[in-house]
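Reading the structure
Residues per chain are reported as follows:
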There are 2 protein chains.
Amino acid sequence: MAIKTLGAKAAAALDLELMSTGAFSIDQLMELAGLSVSQAVYRFQPPSQGRRVLVACGPGNNGGDGLVAARHLHHYGYSPAVFYPKRSKNDLYQRLAKQLEDLEVPFVDDFFFSGEVREPFPAVIQALQETKLPVMSVDAPSSWDIENGPPQSGLGSSFMPAALVSLTAPKPLVQHFKGRHFVGGRFVSPSMAKKYNFEVPEYEGIDQVVEVGSTGQKL
Amino acid sequence: MAIKTLGAKAAAALDLELMSTGAFSIDQLMELAGLSVSQAVYRFQPPSQGRRVLVACGPGNNGGDGLVAARHLHHYGYSPAVFYPKRSKNDLYQRLAKQLEDLEVPFVDDFFFSGEVREPFPAVIQALQETKLPVMSVDAPSSWDIENGPPQSGLGSSFMPAALVSLTAPKPLVQHFKGRHFVGGRFVSPSMAKKYNFEVPEYEGIDQVVEVGSTGQKL
């Protein structure tokens, strides 16, 4: 039995449906998504194993999830730093950044590399690929295609994060992923999951994430 | 050492500050507040001890927190029912109610009493006071004054919930409360708490609530 996944178009449609007929606001969904990510980090590397976390945020929705996660990680006792080179002008993202500034969470300009941050993303992918530090990606590892996984060759083709958090449902790229896999986003109704042909995983207790194996069953 | 509390005016000012300079949206704060309440319920009565929970929501902000809590309780495996006799016309509250309807969480018209629901609150307070079921209140037990606690006489004067969840900080009425006391709302910065002269409690792990004793220390 293969893990059930949600393609790019279906994932976008689900998000739209959650925010229209589902009546969720983007603030609410992003808070819950970022909370899931923070809990996955806690499972993957509890603060007793190291408090320093670099949260790398792109300009899109997953970047917003990262800003939320960084705030929760701060409250859990981590010392997060945020790398957020292309800041969104969107009001929500600006507010999420302000919430971090009020907690004195540092925003850093360099990733693991030195040099100008003019076109940072290739250098970031290079650094992600080469670092010995454990990397956790959200939804899609940087440079990976949501359907087809890592690029066939060149930059990112050997990038394999140690852990992945799939929000609401795994994306098709998980077929190519080898590492610890968490699913988060405990707000999808069974009927919505059925409509989009994926499974709501078996969360435990009050957890907002669950670690799953290669067929999607709870580990 | 007495527990540090936040009076009615200060609590309102803190809420306003969180949403202005603090840059939080009401959606975000209500989601986090309701999540705290749901986690307190889980600690107070895990689903293994009984899955049926009646969530009684007034028309104000704590009612909104209750709607959020009911959703999380559903996802934790409880069978919540919601008593929400005076529905707010506010868009956020309507959306929170819709999210529950989509999960088929029932809205019930009767509390523990029978008869017309025309002026339900006195009857609700009567029922809360008389029931043998354990009651958990949020911020202020129904009928209690936020500063002075239970009414001196008459309806509500002998109402003592088994548990209380104080959101962001305990209110002065906790001096009159005897029961299990949880504090939730893990989003207040230490500098904000200092400004309002209360303590951020010592949360553990990823918890959004902490149980505290009579002086506010973690139990």
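Note that this is a predicted model, so its numbers are computed, not measured.

1. Focus: the nonpolar core
Nonpolar side chains in soluble globular proteins tend to end up buried together. Membership of the largest hydrophobic core comes to 66 residues, with the highest contact counts inside it found for L67(A), V82(A), M136(A), L67(B), V82(B) and M136(B). Sequence-distant contacts of M136(B), that is, excluding residues within four places in its chain, are made with A40(B), V41(B), F44(B), A163(B), V165(B) and F182(B).

2. Examining the interface of chain A and chain B
Listed per partner, the contact involves 30 residues of chain A and 30 residues of chain B. Regarding the contact of chain A and chain B, the summed buried area is about 2700 Å², with carbon and sulfur atoms giving 57% of it. When the area that chain A buries against chain B is broken down by residue, the three leading residues are Q28(A), H75(A) and I206(A), summing to 21%. Counting every contact that joins chain A to chain B gives 0 salt bridges. Residue assignment for the side of chain A that touches chain B shows that the elements contributing at least two residues are α2 (26–44), α3 (61–75) and α4 (91–102) of chain A. No other element matches α2(A), which puts 7 residues into the side of chain A that touches chain B. Its residues placed into classes, the side of chain A that touches chain B shows 11 nonpolar, 12 polar and 7 charged.

3. Quick look at the sheet that holds strand β2 (residues 79–83) of chain A
Residue and element names in this part refer to chain A. The parallel open sheet is built from 3 strands, whose spatial order is β1-β2-β3. Each edge of the sheet is formed by a strand with only one pairing partner; in this case those strands are β1 (52–56) and β3 (107–108). Two elements, β1 and β2, share 5 bridges in a ladder whose sense is parallel. When the bridges of β2 are listed, R52 appears paired with S79.

4. As for the packing of aromatic side chains
Residue and element names in this part refer to chain A. Throughout the structure, instances matching the rule amount to 6 aromatic pairs over all chains. A ring pair is formed by F24 and F187, whose centres lie 5.9 Å apart and whose planes are at 50 degrees; its orientation type is tilted. Highlighted residues: F24 in the loop between α1 (8–19) and α2 and F187 in the loop between β6 (180–184) and α6 (190–195), separated in sequence by 163 residues. The pair formed by F24 and F187 is uniform in burial state, with each residue classed as buried. Aromatic side chains Y42 and Y76 sit 6.0 Å apart centroid to centroid with 90 degrees between the ring planes, which places their arrangement in the edge-to-face category.

5. Considering the environment of P161(A)
Residues and elements named next belong to chain A. You can see P161 is positioned in the loop between β4 (136–138) and β5 (163–167). Given the relative accessible area of 1%, P161 is considered buried. In sequence terms P161 and V138 are 23 residues apart; their C-alpha atoms lie 10.0 Å from each other. Contact partners of P161, with chain neighbours within four places excluded, come to V135, S137, P141, W144, F177 and K178.

6. Looking at the pattern of salt bridges
All names here are of chain A. According to the stated counting rule, one finds 22 salt bridges over all chains in the structure shown. With its nearest N and O atoms 2.8 Å apart, the salt bridge here joins R71 to E31. Taken as a pair, R71 in helix α3 and E31 in helix α2 lie far apart in primary sequence, 40 residues in all. The class of E31 is buried, set by a relative accessible area of 1%. D102 serves as the salt-bridge partner of K98, at 2.9 Å between the closest nitrogen and oxygen. Here K98 pairs with D102, and both are found in helix α4, just 4 residues apart, close to one helical turn. For K98, a relative accessible area of 28% translates into the label partly exposed. In this structure, a network of salt bridges that share partners links the residues D27, D91 and R95.

Scoring rules and cut-offs
- Residues numbered from 1 in each chain as written.
- Chains lettered and ligands numbered in written order.
- Predicted model: local features only at pLDDT ≥ 70, side-chain atom pairs only at ≥ 80, totals over all residues.
- Heavy atoms only, no water.
- Core = buried A, V, L, I, M, F, W, Y, C linked by side-chain atoms within 4.5 Å.
- Buried < 20%, exposed > 50% of the residue type's maximum accessible area, 1.4 Å probe, protein only.
- Contact = heavy atoms within 4.5 Å.
- Buried area = accessible area lost by both parts, 1.4 Å probe.
- Salt bridge = Lys/Arg side-chain N within 4 Å of Asp/Glu carboxyl O.
- Helix = DSSP H or I, 4+ residues; strand = E, 2+ residues; numbered from the N terminus.
- Nonpolar A, V, L, I, M, F, W, Y, C, P; charged D, E, K, R; others polar.
- Pairing = 2+ DSSP bridges.
- Phe/Tyr/Trp six-rings, centres within 6.5 Å; stacked < 30°, edge-to-face > 60°.

Interpretation note: all reported values are geometric properties and have no functional meaning in isolation.
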